[in-house]
Amino acid sequence: MKHYTIAKTNYNKELVVINYDKLDGFKVKPKGDINYPGVKVNSLVIVKPSFIEKVLKKKVRIKLDYYLKYLISIVDEDDSTDARKALNDLTRYKEIVEYKYRKYLDDRYINVLLRKIALLERELKAKAVYQKVRQEKIFDENPVYEERIGKSR
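A. How the structure looks around the overall build of the protein. Secondary structure summary: the protein contains three helices and two strands in total. Ordered by position from the N terminus, the helices and strands of the protein form the series β-β-α-α-α. Out of the 153 residues in the protein, the part that is buried amounts to 20%. Total accessible area on the protein is roughly 14,000 Å²; 53% of this is exposed by carbon and sulfur atoms.

Right, dumping it as C-alpha cells:
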C-alpha cells in the first residue's frame, strides 16, 4: 500500500495553476471530516480511466447493496409512502447511472447494472401497488353493490 505525504517547502519558482474545469475526469468530493494540518481538500479529480472504473464500480456496488437492504426493510413494513419514496430515489439513481457514469464505464457493465436497477424498481412497484390495494380494501370494507337492470340472454 502506498502512502503519499505533502511536504511544505520553499520554492522560488512560479506557482503552477491547474484549471480543473478543463481537466477531463471524474470529480469526487470527500465525505470524511478528517482535517490535516495545512491541507484542505474540497474536491478531487480522477484522471486515470482504470482508477475511475474501479472507484465507480465500488461506489455502485455500495449503493446497490444499500438499495437492496432498504428494499428488504420496506417489504417487511406496511408503509407504502416509503416504497414510493424509494422508487423515486431509485429512478433518480438510474438516470445518474445512465447519463453520468456511462462515459466512464463500459456498455456491458452499464447494461447489467440497469437490469439490476430495473429488478429493484419492479419489486418496489409491486410493493407500492400491493400497499395501495390493501389500503383500498381497508377503507372499502362495506362496498355498495348496484343492481343493473337489463336484458339477459
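B. Spatial organisation of helix α1 (residues 49-76). When the terminal C-alpha atoms of α1 are compared, their 41 Å separation across 28 residues agrees well with the 40 Å that a helix rising 1.5 Å per residue should span. Restricting attention to buried positions, one finds in α1 the residues Ile52, Leu56, Val60, Leu64, Tyr67, Leu71 and Ile74.

C. Seen up close, the packing of aromatic side chains. Scanning all chains against the criterion turns up five aromatic pairs. Arranged with centres 5.7 Å apart and planes meeting at 50 degrees, the rings of Tyr67 and Tyr93 form a pair that is tilted. Of this pair, Tyr67 sits in helix α1 while Tyr93 sits in helix α2 (residues 80-101); the two residues are 26 residues apart in sequence, bridging distant segments of the chain. The class for Tyr67 is buried, based on a relative accessible area of 4%. Here the basic side chain of Lys57 rests over the ring of Tyr109, its NZ or CZ set 4.8 Å away from the ring centre.

D. Here's a closer look at the environment of Ile46. Structurally, the position occupied by Ile46 is in strand β2 (residues 44-46). Distance in space between the C-alpha atoms of Ile46 and Leu23 is 9.5 Å, their sequence separation being 23 residues. Beyond its immediate sequence surroundings of up to four residues, Ile46 is in contact with Gly25, Phe26, Val28, Phe51, Ile52 and Val55.

E. Highlighting the pattern of salt bridges. If you walk through the whole model with that rule in mind, you get four salt bridges. Among the salt bridges present, the one from Lys57 reaches Glu53, with a minimum N-O distance of 3.1 Å. Of this pair, Lys57 and Glu53 both sit in helix α1, separated by four residues, roughly a single helical turn. What makes Lys57 partly exposed here is its relative accessible area of 30%.

F. Structural detail: the nonpolar core. Counting 25 residues, the largest nonpolar core has Leu56, Tyr93, Val97, Tyr101, Ile117 and Leu124 as the members making the most contacts within it. Those elements that provide at least two residues to this core are α1, α2 and α3 (107-139). With residues near it in sequence (within four places) discarded, Ile117 still touches Leu64, Leu90, Tyr93, Lys94 and Val97.

Each value, and the rule that gives it
Each residue is numbered by its place in its chain's sequence as written, counting from 1. Local features in this predicted model are restricted to residues whose pLDDT is 70 or higher, and side-chain atom pairs enter the listing and the counts only when it is 80 or higher, whereas totals over whole chains, interfaces and linings include all residues. Processing note: side-chain calculations cover all non-hydrogen atoms of the structure and skip hydrogens and water entirely. In DSSP terms, a helix is any run of H or I states spanning at least four residues, a strand is any run of E spanning at least two, and both are numbered starting from the N terminus. Summary of the burial criterion: residues with accessible area below 20% of their type's maximum are buried, those above 50% are exposed, and those between are partly exposed, where the area comes from a 1.4 Å probe applied to protein chains only. Areas reported as accessible are Shrake-Rupley estimates using a 1.4 Å probe. Residue values count occlusion only from the protein chains shown. Helix span is expected to be 1.5 Å times the residue number reduced by one. Side-chain rings of Phe, Tyr and Trp, where Trp is taken by its six-membered ring, are said to pair if the distance between their centres is within 6.5 Å; with planes under 30 degrees apart they count as stacked, over 60 as edge-to-face, and otherwise as tilted. Only Lys NZ and Arg CZ are tested; either one counts as a charge over a ring when it is within 6 Å of the ring centre and within 35 degrees of the ring normal. Every residue pair with non-hydrogen atoms within 4.5 Å of one another is taken to be in contact. We define a salt bridge as a contact between a side-chain nitrogen of Lys or Arg and a carboxyl oxygen of Asp or Glu at a distance within 4 Å. Here, nonpolar core means buried Ala, Val, Leu, Ile, Met, Phe, Trp, Tyr and Cys residues that are tied together by side-chain atoms lying within 4.5 Å of each other.

By themselves, these observations are geometric and do not establish any function.
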